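Listed here are the chains, written in short residue letters.
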Amino acid sequence: MDIKVYVKTIEYQGIPLPKYMTPGSAGLDLYACIAESMKVEPGSTVLVPTGLALEIPQGFEAQIRPRSGLALKWGITLLNSPGTIDSDYRGEIKIIMINHGRETFIINRGDRIAQMVFCPVAAASMEVVDELTRSNRGKGGFGHTGY
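Asker: How should I be thinking about the nonpolar core in this particular structure?
Answerer: Where a protein is soluble and globular, its nonpolar side chains tend to be buried together. Membership of the largest hydrophobic core comes to 29 residues, with the highest contact counts inside it found for Val 48, Ile 64, Ile 95, Met 97, Ile 107 and Ile 113. Elements supplying a minimum of two residues to this core: β2 (28-31), β3 (38-40), β4 (45-55), β5 (60-65), β6 (76-78), β8 (92-99), β9 (105-107) and β10 (112-120). Once you skip the residues sitting within four places of it in the chain, Met 97 turns out to touch Ser 44, Thr 45, Val 46, Val 48, Leu 70, Ile 76, Thr 77, Leu 78, Ile 107 and Ile 113.

Rendered as structure tokens:
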């Protein structure tokens, strides 16, 4: 399913628009839109601007997800992952990155820092009831089916 997403760029000269890296990619790569390199010290968190604002069609969201290569090689991932960009949000997308690694990680202008996946959203209505239908799981919580 294809959808049209309108993009507004902010201080974006010289950085590619988000793009799919292969024909089978689910996510578009997002790039760091920063004037100067940023250091991400071990255990620290940074907010990285992308220079993009989107108009996402109603009934869809954009999910912001980590890049597996950054996680494997450097221990870099995203907090609040997957992050949700709602269809009515029009501000700049910024990425919350954390360094779980042992070394300082440097982010440069134009580096690929995250990926964005567009997903349909179902609207739910809530109804208060006295009882819920029974299920095999019941009230079993975390790890109740084993490891």
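Asker: Help me understand unusual backbone geometry, please; the structure alone is not making it clear to me.
Answerer: With glycine set apart, most residues show a phi of negative sign, and most peptide bonds adopt trans. For the bond from Ser 81 to Pro 82, the omega torsion is -5°, close enough to zero to count as cis. Secondary-structure assignment places Pro 82 in the loop between β6 and β7 (83-85). Residues other than glycine seldom take positive phi values, yet Glu 11 does so here, at roughly 50°. Structurally, the position occupied by Glu 11 is in the loop between β1 (6-9) and β2. The class of Glu 11 is exposed, set by a relative accessible area of 63%. In this model, Asn 80 sits at a positive phi of 55°, which is unusual for a non-glycine residue. Among the structural elements, Asn 80 can be located in the loop between β6 and β7.

Asker: Got a minute to help me understand the sheet that holds β8 in this structure?
Answerer: As a general point, the strands of a sheet are linked pairwise by backbone hydrogen bonds and lie either parallel or antiparallel. Here 4 strands make up an open sheet; going across it, the order is β1-β4-β8-β6 and the pairing antiparallel. Across the chains shown, the open sheet's two edge strands, defined by having one partner strand only, are β1 and β6. When the angles between neighbouring strand axes are averaged without regard to direction, this sheet yields 40°.

Asker: Is there a simple way to explain a nonpolar patch on the surface in this structure?
Answerer: A contiguous nonpolar patch, built from Leu 47, Leu 79 and Ile 96 and spanning about 230 Å² of accessible area, is present on the exposed surface. With respect to the helices and strands, Leu 79 occurs in the loop between β6 and β7. By relative accessible area, Leu 79 is classed as partly exposed at 36%.

Asker: How do you make sense of the pattern of salt bridges when you look at a structure like this?
Answerer: A side chain with one charge can pair with a side chain of the opposite charge if their charged atoms come near. As enumerated under the stated definition, the model contains 2 salt bridges in all. A salt bridge links Arg 67 to Asp 29; the nearest nitrogen and oxygen atoms lie 4.0 Å apart. Of this pair, Arg 67 sits in the loop between β5 and α1 (68-74) while Asp 29 sits in strand β2; the two residues are 38 residues apart in sequence, bridging distant segments of the chain. Just as Arg 67 is buried, Asp 29 falls in that class too. Residue classification places Asp 29 among the buried residues on the basis of a relative accessible area of 5%. Sharing partners across several salt bridges, the network here consists of Asp 29, Arg 67 and Arg 112.

Asker: What's the story with the layout of surface pockets in this structure? I'm lost.
Answerer: Rolled over the atoms, a probe with the dimensions of a water molecule shows which regions are left empty. In this structure, the largest pocket spans a volume of roughly 390 Å³. What lines the largest pocket is a set of 15 residues, and nearest its centre among them are Ile 3, Val 5, Tyr 20, Leu 28 and Phe 118. The element best represented in the lining of the largest pocket is β10, accounting for 3 residues. A per-class count over the lining of the largest pocket returns 14 nonpolar, no polar and 1 charged.

Here is what the cut-offs are and how they apply
- Residues numbered from 1 in each chain as written.
- Predicted model: local features only at pLDDT ≥ 70, side-chain atom pairs only at ≥ 80, totals over all residues.
- Heavy atoms only, no water.
- Core = buried A, V, L, I, M, F, W, Y, C linked by side-chain atoms within 4.5 Å.
- Buried < 20%, exposed > 50% of the residue type's maximum accessible area, 1.4 Å probe, protein only.
- Helix = DSSP H or I, 4+ residues; strand = E, 2+ residues; numbered from the N terminus.
- Contact = heavy atoms within 4.5 Å.
- Pairing = 2+ DSSP bridges.
- Axes fitted to C-alpha atoms, helices over the stretch in contact; angles between N-to-C directions.
- Patch = residues over 30% accessible without salt bridge, like charges linked within 9 Å, V, L, I, M, F, W, Y side chains within 5 Å.
- Areas by Shrake-Rupley, 256 points an atom, 1.4 Å probe, with all protein chains shown as cover.
- Salt bridge = Lys/Arg side-chain N within 4 Å of Asp/Glu carboxyl O.
- 1 Å grid on protein atoms, 1.4 Å probe; cavity = no way out; pocket = protein on both sides within 12 Å on 5 of 7 lines; lining within 4 Å.
- Points joined across faces, edges and corners; volume = space filled by probe spheres on them.
- Nonpolar A, V, L, I, M, F, W, Y, C, P; charged D, E, K, R; others polar.

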